[in-house]
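Examination of the molecular architecture
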Amino acid sequence: MQPIFRNLLLASVILLFAACSQPNTQGKLIPKEAAFVIQVDGKALSSKLSWDEIKQNPVFKDAATDNAVPTAMKVILNNPDSAGIDTKTDLLFFALKDSSGAYVAFEGTIKSEDQFKTFIKTFADNGTESEADGVKFISKPPFCAGYTKDRFVYLFDAPQMSIMDALSKRMQQDSIDIAPAKARDIAATCKAVFALKESNSLAKNDKFTNLLKESGDIHFWLNTEELSKGALSNPMLAMVNLDKLYKGSLITATLNFDNGKINIAAKSYVGDDLAKLYKKYGDGKVSEDMLKRMPGKDIIGLIAIAYQPEGIRQLLKMTNTDGFVNMGLTNAGFTMDDFIKANKGDLVVGVSDLSMKTDSVHNEFFYLKEKPVFNFVFAASVGDKDAFNKLINAGKKMGAKKMGDSSKAPFAYSYNGIYFTIANNKENADKYLAGTNTNVDFINKISGQPFGGYLNIHLLLKTFEKEAGKDSSTSAVYDASLKLWDNLLFKGGDLKDGVITQSVEINMVDKTTNSLKQLNQYAAKLGEIYKVKSDKEKAAEMAYDNTIPSEDVVAKPVKIK
């Protein structure tokens, strides 16, 4: 290799590693313990939907003319840039749980410091102003804003986020502690955010940096380890190692508004123990053959999973829950070994041909009501036949105890040694085993990974057409929804570089118009429906009030002598 090319390659590698190690700027004012972060790409969103389009919503128009809405807020509604915020750059939201409960923050870039200060003062009238290390603060509990000439952070106290932790702690005590939570010094919290060291922020977090590099209109960061910390402190859970599931766990995702659909790409990071387990046992692929056997004319929804049965045993051992499960299985009439040998590791659950049927109800009154009628199928691939027969016999015994006469059961099963299926009737169970070869277009879109699923939103909505037509407002909402939503597809479970990937695709009926524009039009339609309904209700109230005579015209009682 010639020196010039070798040096060029070396320089490229150095630059690549340098770029990867560069801290991101968006995370500098976000503590590394943040429970969740949402980053909104203002420039990308505004290119797909303008503020003028948003302002056409009837509810929006009402707010702009409502005398109860402050003048300053009306100015912002008309032009968000008048708040002094650069809406064409990144806007970030994050929340953090701490010893005082939790707080929520909103941060972004300042376009005009004077306009921003004026805007803040409209919401923090008579707030306390201070300055530290070149950062200005305006606080009025439970709110505080800190800002420099180019960056701002709004902070809101949110003690409600710690309610579940408080309930968990109360369950650990003999009596309920009604002592009030420690009050937060919101100004001190805001100052601490601006004083964050880079090492204590998300600026140097490689996973957060990689997330922001991915293409997306919106980026999500969910620190499930931080969210679970309070709940896992319960001594009742000390017997099990649930921390093995949450340690190092993290979910990141990007959302893109594309033409005719919304695409979500997610990544799940797990701890070392769970990653080793998943790497060994999580390499299954959804069976297309099992998907194509789904009977029915119109498939409403379907979920398929491929797994290695031995992985369940190892997961139970890792979390110290295997003893409880083994005890339950023994009582049911089989063992964990039987379950693992019996199952090959493929599951499919589906619903089809949903409709509403008029049914009569007899009690002291007689009336008609609509109830849903549908076909369903649950299917599993069979490993060892003798072991699976043991599971079937155990199921029969449990069913006999609970239902007595099996002919009255609301389901039926079929078994051919390759697949076992439970359905709403024997005909559908047999059809699945026979193989109906349902070759619908979504099957190849949800197969090829450890799990996948499909939901036909459009067909689901059409089922309730008759019910929606009973009321004009409901009918209008129904029509707007039917014109918007088509279906939802999801799949995932592949492990790559220690990360489990997933994807979700939400499809709309209109395949050519950007999905964000369609959502805005949908919201505008709902706003219009709400306004019409609200105006009718107000008119009805006024008409009713006019029928009540005033005190002046009410006849005075006549005293009879």
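In the block above lies the structure referred to throughout.
A brief structural summary. (Residues numbered from 1 in each chain as written. Predicted model: local features only at pLDDT ≥ 70, side-chain atom pairs only at ≥ 80, totals over all residues. Heavy atoms only, no water.)

**Observations regarding the pattern of salt bridges**
Under the definition given, this model contains 21 salt bridges. E53 is the salt-bridge partner of K517, the closest N and O atoms lying 2.7 Å from each other. Residue K517 is located in helix α23 (residues 515-547), and its partner E53 is located in helix α3 (residues 51-54); the two are separated by 464 residues in the primary sequence. By relative accessible area, K517 is classed as partly exposed at 26%. With relative accessibility at 27%, the residue E53 sits in the partly exposed group. (Salt bridge = Lys/Arg side-chain N within 4 Å of Asp/Glu carboxyl O. Helix = DSSP H or I, 4+ residues; strand = E, 2+ residues; numbered from the N terminus. Buried < 20%, exposed > 50% of the residue type's maximum accessible area, 1.4 Å probe, protein only.)

**Describing the environment of K385**
Inspection of the secondary structure puts K385 in helix α17 (residues 385-403). For the pair K385 and G417, spaced 32 residues apart in sequence, the C-alpha to C-alpha distance is 6.0 Å. Filtering out sequence-adjacent residues up to four positions away, K385 remains in contact with Y415 and G417. (Contact = heavy atoms within 4.5 Å.)

**Brief notes about helix α14 (residues 309-318)**
Along an α-helix, residues three or four apart share an orientation, since each turn contains 3.6 residues. Among the residues of α14, P309, G311, R313, L316 and M318 are the ones counted as buried. Residue N320 follows α14 closely and has a positive phi angle near 60°.

**So, the pairing of strand β4 (residues 128-132)**
Pairing between β4 and strand β5 (residues 135-140): 5 bridges, direction antiparallel. Each bridged residue has a counterpart across the sheet, and for E129 the counterpart in β5 is I138. (Pairing = 2+ DSSP bridges.)

**Details of the side chain of K97**
Looking at the secondary structure, you find K97 in strand β2 (residues 90-98). For K97, a relative accessible area of 19% corresponds to the buried category. A polar side-chain atom of K97 sits 3.1 Å from the main-chain carbonyl oxygen of L227. (Polar contact = N/O pair within 3.5 Å; in protein donor to acceptor, adjacent residues only side chain to side chain.)

**Overview of unusual backbone geometry**
A cis geometry characterises the amide bond from P141 onward to P142, with omega recorded as 10°. Position of P142 relative to the elements: it lies in the loop between β5 and β6 (143-147). The phi dihedral of D133 is positive, around 50°, even though this residue is not glycine. With respect to the helices, strands and loops of the structure, D133 is situated in the loop between β4 and β5. Assessed through its relative accessible area of 81%, D133 is described here as exposed. Within the chain, D353 stands out as a residue other than glycine whose phi angle is a positive 50°. With respect to the helices, strands and loops of the structure, D353 is situated in strand β12 (residues 343-362).

**Quick look at the packing of aromatic side chains**
Taken as a whole and assessed by the stated rule, the structure comprises 20 aromatic pairs. Relative to Y154, the ring of F106 lies with its centre 5.4 Å away and its plane at 45°, an arrangement referred to as tilted. One end of the pair, F106, is in strand β3 (residues 101-109); the other, Y154, is in strand β7 (residues 151-157), with 48 residues separating them in the sequence. An angle of 80° between the planes, with centres 6.3 Å apart, marks the rings of Y419 and Y432 as edge-to-face. Within this pair, whereas Y419 is found in strand β15 (residues 419-423), its partner Y432 is found in helix α18 (residues 426-434), the two being separated by 13 residues in sequence. Here the aromatic cluster, defined as three or more aromatic residues joined through ring pairs, consists of F93, F106, F116, F119, F143, Y147, F152, Y154 and F156. When the ring centre of F137 is taken as reference, the NZ or CZ atom of K191 above it lies at 5.6 Å. (Phe/Tyr/Trp six-rings, centres within 6.5 Å; stacked < 30°, edge-to-face > 60°. Lys NZ or Arg CZ within 6 Å of the ring centre and 35° of its normal.)

**Focus on the side chain of T189**
On the secondary structure map, T189 appears in helix α8 (residues 186-194). Within the local environment of T189, its side chain forms a polar contact with the side chain of R184, the two groups lying 3.5 Å apart. In this structure, T189 is in contact with Y103, L155 and R184, ignoring residues within four places of it in sequence.

**So, the environment of T122**
As for its placement among the helices and strands, T122 is situated in helix α6 (residues 113-123). When its relative accessible area of 39% is taken as the criterion, T122 is described as partly exposed. Residues T122 and P70, spaced 52 residues apart in sequence, show a C-alpha to C-alpha distance of 8.7 Å.

**Remarks on a nonpolar patch on the surface**
Nonpolar side chains collect at one region of the surface, where L222, L227 and I251 lie side by side and expose about 180 Å² of accessible area between them. With respect to the helices and strands, the residue L222 is situated in strand β8 (residues 218-222). With relative accessibility at 31%, the residue L222 sits in the partly exposed group. (Patch = residues over 30% accessible without salt bridge, like charges linked within 9 Å, V, L, I, M, F, W, Y side chains within 5 Å. Areas by Shrake-Rupley, 256 points an atom, 1.4 Å probe, with all protein chains shown as cover.)

**A short note on the state of the cysteines**
Scanning all chains against the criterion turns up 0 disulfides. Free cysteine C144: the closest other cysteine sulfur is in C190, separated by 3.7 Å. Owing to a relative accessible area of 0%, C190 belongs among the buried residues under this scheme. (Disulfide = S-S within 2.5 Å.)

**What about the pairing of β3?**
Counting buried residues along β3, 8 of its 9 residues qualify, which places the element largely inside the surrounding structure. Two strands pair when backbone bridges link them, and β2 and β3 are joined in this way by 7 bridges, in the antiparallel orientation. Considered in β3, the bridge of L92 is made with E107. Here β2 folds back onto β3 in antiparallel fashion, the turn holding 2 residues.

Everything listed here is a matter of coordinates, which is why it stays silent on function.
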